[in-house]
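What follows is the residue order along each chain.
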Amino acid sequence: MKLLFVASECAPFIKTGGLADVIGAVPKALAALGVDVKVLIPAYPALADLAARGSELAHFPDLFGGDARLIAVTAEGLNLLLLEASHLFDRPGNIYLDAKGGDWADNHLRYGALSKVGAEVATGALTNWHPDVLNVHDWQAGLVSAYLRQAGKPVPPLVMTVHNIAFQGLFDAKVLRALGLQKSLFTPSGMEYFGQLGFLKAGLAFSDRITTVSPTYARELVSSEFGMGLDGLMRARQADLSGILNGIDLEAWNPETDAELAQTYSVRGLKGKAANRTALEARFGLKPNPDTPLFCVVSRLTSQKGLDLLLECLPGLVGRGARLALLGSGEAALERAYAEAASRYAGSVGVIIGYDEGLSHLMQGGSDAILIPSRFEPCGLTQLYGLRYGTIPVVARTGGLADTVIDANPAAMAENCATGIQFTPITALALDQAIERTCALFAQPKLWQAMMRRAMRHPIGWDRSAAAYLALYQSLLDERGAS
Ligand code: ADP
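Residues numbered from 1 in each chain as written. Predicted model: local features only at pLDDT ≥ 70, side-chain atom pairs only at ≥ 80, totals over all residues. Heavy atoms only, no water.

Visitor: Describe the overall build of the chain, and please don't skip the residues or the numbers.
Guide: From N to C terminus, the chain includes 19 helices and 18 strands. Across its three principal directions, the C-alpha atoms of the chain cover 65 × 45 × 45 Å. Burial statistics for the chain: of 483 residues in total, 58% are counted as buried. For the chain, restricting intrachain contacts to residue pairs at least 6 apart in sequence, the fraction spanning at least 24 positions comes to 70%. For the chain, the exposed surface amounts to about 18,800 Å²; the carbon and sulfur share of it is 53%. Here the chain contributes 42 positively and 47 negatively charged side chains, and the mean placements of these two sets differ by 3 Å. (Helix = DSSP H or I, 4+ residues; strand = E, 2+ residues; numbered from the N terminus. Buried < 20%, exposed > 50% of the residue type's maximum accessible area, 1.4 Å probe, protein only. Contact = heavy atoms within 4.5 Å. Areas by Shrake-Rupley, 256 points an atom, 1.4 Å probe, with all protein chains shown as cover. Lys, Arg positive; Asp, Glu negative; His and termini not counted. Charge placed at Lys NZ, Arg CZ, Asp CG, Glu CD.)

This is the structure we're talking about:
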């Protein structure tokens, strides 16, 4: 089976969030099952060296106002197709945002181009490689389906994967013409969203199947509470919607080999975790206290992540003698509030504003528990890294957090199967109670260590999920074959 992935980021080359981790990992897991996968992403500056050593497969002399080339290169076990278009992607800083922090004004052209080229590859742009199936990811690749609709020739089946429905890629309808899209597709049952062009909406309306990244989020998406205005469409397409849980890259995230750790450790030998804790305390200026947990947060600082709730809980957390190390960046108000908290609670709350992949590993290695109070969470990866590193996840009961963490309630403790703490409703009060429960469990070292070991053994690799993706693609091909 030949499969084309289209996405806007891919770890370890270019990453702003969990999407990149998934795009970097699933193709490898699918390749292990015999699938021939190529991943189409833009050649941002971070990928310039890679592009320079690749070979040109196709040339587009005028892709929305400039010259573009498709470059094939293999790296980190991935077969990449890099879309080189300097007028669209050769820009410094964040891939989505300009220097002032606003969206690039031509994001419709940038990701319209990515989508258009995805559709071209699907309809024969490459001489030696024609995909049997497409899997496109998030709004940036949503228009692939629209370009295929207007291709006027047979096209492969297409799966649209939603990693976060909050990001929909909405643009003024005026851009339709610049994108070369037919007006006939611009309807409420197509790619129109209340008078605007919706990239994600196009993907949801015109795809053969829709997946999202956890079973609970798939159920939540059909509700007005979580569907972000697209719940009606999700309900209409419920029969084609399924949730396939994300896994993690077990090689990149392995406490037994992780080069970012002060000391490696394993489920059989947890001792090394202490050295990481000490390193983390030093890095964040926290005073050591072996009797209380060191909590961490590794996150975008946005209202989705519920970190305003955590601010309200800091007096209680500090009052219990616990500590917090936070690494994150995002909304200015939250960045400010956490910087203030770090000075108010010096020695108990440490904050680093920024994005630091290496430090995120040390935080998983050196903390006792990771706090994830998200208001919604399609899947979430940091709780999975927490499980892998024996860093107990303390999570809101929503989306993928609900699907991946087994709450330490009395029944689960009696059955020895708890791997973390869940709380609901998603309020500061319930989060404070969860922090208190965590401190109480931490004070019972035998119970705590047993929970750490269970967490570390919890299966979170990609094998099961990759098999589910493969079964989905195969069912689409079988349907085509049967028709
Ligand atoms: P989302 O994709 O909504 O941001 P996920 O939990 O799915 O949330 O994935 C977030 C990814 O980004 C994880 O790999 C996490 O470790 C990483 N991450 C988030 N913030 C930072 C940061 N400030 N520094 C380093 N890594 C970060």
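There's more to say after this.
Visitor: I'd like a rundown of the sheet that holds strand β10 (residues 196-198), residues and numbers included.
Guide: Judged by pairing direction, the sheet is antiparallel, and its three strands sit side by side in the order β8-β10-β9 without closing on themselves. If you trace the sheet from one side to the other, it starts and ends with β8 (170-172) and β9 (192-193), each paired once. In this sheet, β10 lies alongside β8 in antiparallel orientation, the contact comprising three bridges. Considered in β10, the bridge of L170 is made with G198. Its contacts with the sheet put helix α7 (residues 199-206) on β8, β9 and β10, and the angle it makes with β10 is roughly 60°. (Pairing = 2+ DSSP bridges. Axes fitted to C-alpha atoms, helices over the stretch in contact; angles between N-to-C directions.)

Visitor: Could you give me a rundown of the site of the ligand, with the residues and numbers involved?
Guide: In the region of the ligand, 19 residues are neighbours, and K15, G18, D21, R300 and G354 sit closest. In this structure, D21 approaches the ligand through a side-chain N or O atom, which is 2.8 Å from an oxygen atom. Take K305: an N or O atom from its side chain is 2.8 Å from an oxygen atom of the ligand. When the free accessible area of the ligand is taken as 570 Å², the share hidden by the protein chains comes to 92%. For the shell around the ligand, the secondary structure elements donating two or more residues are α1 (18-32), β13 (294-301), β14 (323-330), α13 (357-366) and α14 (382-388). Residue contributions to the shell around the ligand peak at three residues, all from β13. When grouped by side-chain class, the residues that make up the shell around the ligand number five nonpolar, eight polar and six charged. (Near = heavy atom within 4 Å. Polar contact = N/O pair within 3.5 Å; in protein donor to acceptor, adjacent residues only side chain to side chain. Nonpolar A, V, L, I, M, F, W, Y, C, P; charged D, E, K, R; others polar.)

Visitor: A description of the sheet that holds strand β11 (residues 209-212) should follow, citing residues and the corresponding values.
Guide: Strand order in this open sheet of nine strands is β3-β4-β5-β2-β1-β6-β7-β11-β12, and the pairing throughout is mixed. Since the sheet does not close on itself, it has two edges, and those belong to β3 (55-60) and β12 (241-243), each with one partner. Strand-to-strand, the axes of this sheet are offset by a mean angle of 25°, without reference to chain direction. Of the pairings in the sheet, the one linking strand β1 (residues 2-6) to strand β2 (residues 36-42) comprises five bridges and is parallel in character. Bridging from a neighbouring strand, L4 pairs with K38 of β2. Strands β1, β2, β3, β4 (68-75), β5 (78-84) and β6 (133-137) of the sheet are contacted by helix α4 (residues 107-122), whose axis makes an angle of about 155° with β2.

Visitor: Could you give an account of α7, with specific residues and numbers?
Guide: Summarising burial for α7: eight of the eight residues are buried, a large majority. Of the positions making up α7, those classed as buried are F199, L200, K201, A202, G203, L204, A205 and F206.

Visitor: An account of unusual backbone geometry is needed here, citing residue identities and associated values.
Guide: For the peptide bond that leads from A11 to P12, omega is 5°, which places it in the cis range. Tracing the backbone shows P12 in the loop between β1 and α1. Cis geometry is found at the peptide bond from T424 to P425, where omega equals -5°. Mapped onto the elements, P425 comes out in the loop between β18 (421-423) and α17 (428-442). Of note in this structure, F64 is not a glycine but carries a positive phi near 50°. Structurally, F64 can be placed in the loop between β3 and β4. Within the chain, M228 stands out as a residue other than glycine whose phi angle is a positive 50°. Take M228: it is sitting in the loop between α8 (215-220) and α9 (231-236). Under the relative-accessibility criterion, M228 is labelled partly exposed at 35%.

Visitor: Requested: an account of the state of the cysteines, with residues and values cited.
Guide: Scanning the model with the defined rule gives zero disulfides in all. C296 forms no disulfide, and the closest cysteine sulfur to it belongs to C439, at a distance of 14 Å. (Disulfide = S-S within 2.5 Å.)

Visitor: Break down the packing of helix α11 (residues 307-319) against helix α12 (residues 332-344) for me, with residues and values.
Guide: The angle between the axes and the distance between the axes are what describe a pair of packed helices. Viewed as axis vectors pointing N to C, α11 and α12 meet at an angle of 20°, and their least axial separation amounts to 11 Å. By the angle class used here, α11 and α12 are roughly parallel. Crossing handedness for the pair α11 and α12: left-handed. Of the residues in α12, those in contact with L307, D308, L310, L311 and L314 of α11 are L334, A337, Y338 and A341. Partitioned by chemical class, the residues of the contact of α11 with α12 number eight nonpolar, no polar and one charged. (Parallel < 35°, antiparallel > 145°, perpendicular 65-115°, else oblique. Left-handed = near helix turned anticlockwise from the far one by under 90°.)

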